[in-house]
Amino acid sequence: MRIVVLVSGTGSNLQAVIDEVASGSLPLEIAAVGADRPNTFGVERSADAGLDTFVVNFKDYTDRSDWDAALLEKVGSYKPDYVVSSGFMRIVAPSFINAFEGRYVNTHPALLPAFPGAHGVRDAMAYGVKVTGCTVHFADAGVDTGPIIAQTPVVILPDDTEDSLHERIKVAERELLIKVLGDLARA
Ligand code: GRF
C-alpha cells in the first residue's frame, strides 16, 4: 500500500507513522509528503527521513481552482492507494474527492460529528463537554464529514488547557491513525 500524506503544520502524527513504518510494524510505503504552504516542520522532518516531499503553495495561486488542479495532479503523480490528511488545513475540491473516493483519510481532534472545523479542541472545551477525543474518517467534500472509520474518547480534565488537551488527544490520534492504516494495509 502506497500513501501520500498531506500536512500543514508540525506533522507530529505523521512522525509517528514514519517511525512505525521504519520499525517494520506498519506495512506501507509513504510515497510522498506534501504541504499547502512552505516551511512546515512536517515537510522538513519528512525530508530528513529521506521521503519525497512537495509543496503546492495555496498562496501562489490567484485562482482557487488552479490550486485544486495542481494539488490533484501532484498527489496523483505518486499513484497512492490512500491519501492521508494529517493536520492538512484545507478543504479539497470535489474533483480531489472524486479522484480518491473512499481513499482520502482524515484525522480530526474531536469526536465527529461534534466539533468539526479548525478548532475542534477549543470548541469542545468552550461547549463544556466532559469527553472529547479523535476521529479517523474517510473525508468527503464537507468540513470534517464522511464515513467514520474509528474513534477514541479522551476525557477532559478540570485543569486542562487547549494545549494540554490537544497534546493528549494527539497521543490517542497517533495510535488510532496507525491502527487504521495498519488495518487498511493488511486488508
Ligand atoms: C491534529 O490534531 C490534527 O487532527 C489536527 O491538527 C493536529 C496536527 O498535529 N487537525 P501535527 O501536525 O500532526 O502535530
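Provided above is the structure to which this section pertains.
Quantities reported herein were computed from a predicted structural model and do not represent experimental measurements.

A. Local environment of the site of the ligand. Taken together, Thr10, Gly11, Ser12, Asn13, Gly87, Thr107, His108, Pro109, His166, Lys170 and Glu173 make up the full set of residues adjacent to the ligand. Glutamate 173 is positioned with one of its side-chain polar atoms (N or O) 2.3 Å from an oxygen atom of the ligand. Contact with the protein chains removes 89% of the 370 Å² of surface that the ligand exposes when unbound. Of all the elements in the fold, those that place two or more residues in the shell around the ligand are helix H1 (12-22), strand S5 (104-108) and helix H6 (162-186). Tallying contributions element by element places H6 first for the shell around the ligand, with three residues. A class-by-class count of the residues in the shell around the ligand yields one nonpolar, eight polar and two charged.

B. Here's a closer look at the packing of helix H5 (residues 120-127) against H6. Two numbers describe how H5 lies on H6: the axes approach to 10 Å, and their chain directions differ by 120°. Between H5 and H6, the interaxial angle falls into the category oblique. Every pair of crossing elements has a handedness; the one defined by H5 and H6 is right-handed. Residues Val121, Arg122 and Met125 of H5 lie in contact with H6, whose contacting residues are Glu162, Leu165, His166 and Ile169. Grouping the amino acids of the contact of H5 with H6 by side-chain chemistry returns four nonpolar, one polar and two charged.

C. Quick look at the sheet that holds strand S6 (residues 131-138). Strand order in the open sheet made by the seven strands is S3-S2-S1-S4-S5-S6-S7, with mixed pairing throughout. Every other strand in the sheet has two partners, leaving strand S3 (53-55) and strand S7 (148-155) as the edge strands with one partner each. Between one strand and the next, the sheet's axes are offset by a mean angle of 20°, whatever the strand orientation. Relative to the sheet, helix H2 (residues 41-48) contacts strand S1 (2-7), strand S2 (29-35) and S3, its axis offset from that of S2 by approximately 145°.

The rules behind the values
The residue count restarts for each chain, going from 1 along the sequence in the order it is written. Side-chain atom pairs in this predicted model are given and counted only at pLDDT of 80 or more, local residue features only at pLDDT of at least 70, and totals for whole chains, interfaces and linings cover all residues. To get the side-chain values, all heavy atoms of the structure are used, and hydrogens and water are removed first. If even one non-hydrogen atom of a residue comes within 4 Å of a molecule or strand, that residue is called near it. Whenever a nitrogen or oxygen atom comes within 3.5 Å of another N or O atom, the pair is scored as a polar contact, on the condition that within protein one atom can donate a hydrogen and the other can accept it, and that pairs from neighbouring residues in sequence are kept only if both atoms are in side chains. We get accessible surface area from the Shrake-Rupley algorithm with a probe of 1.4 Å; when it comes to residues, only the shown protein chains can shield them. Where helices and strands are cited, they refer to DSSP runs of H or I of at least four residues and of E of at least two residues respectively, numbered from the N terminus. Classes in brief: Ala, Val, Leu, Ile, Met, Phe, Trp, Tyr, Cys and Pro nonpolar; Asp, Glu, Lys and Arg charged; the others, Gly included, polar. Note on method: axes are straight lines fitted to C-alpha atoms, helices fitted across the in-contact stretch only, with angles between N-to-C directions ranging 0 to 180 degrees. Should an angle lie under 35 degrees it is considered roughly parallel, over 145 roughly antiparallel, and from 65 to 115 roughly perpendicular; all remaining angles are considered oblique. Two helices that cross are described as forming a left-handed crossing if the nearer one is turned anticlockwise from the farther one by less than a right angle, and a right-handed crossing if clockwise. By definition, residues are in contact when any of their heavy atoms lie within 4.5 Å. In this analysis, strands are considered paired if DSSP registers two or more bridges between them.

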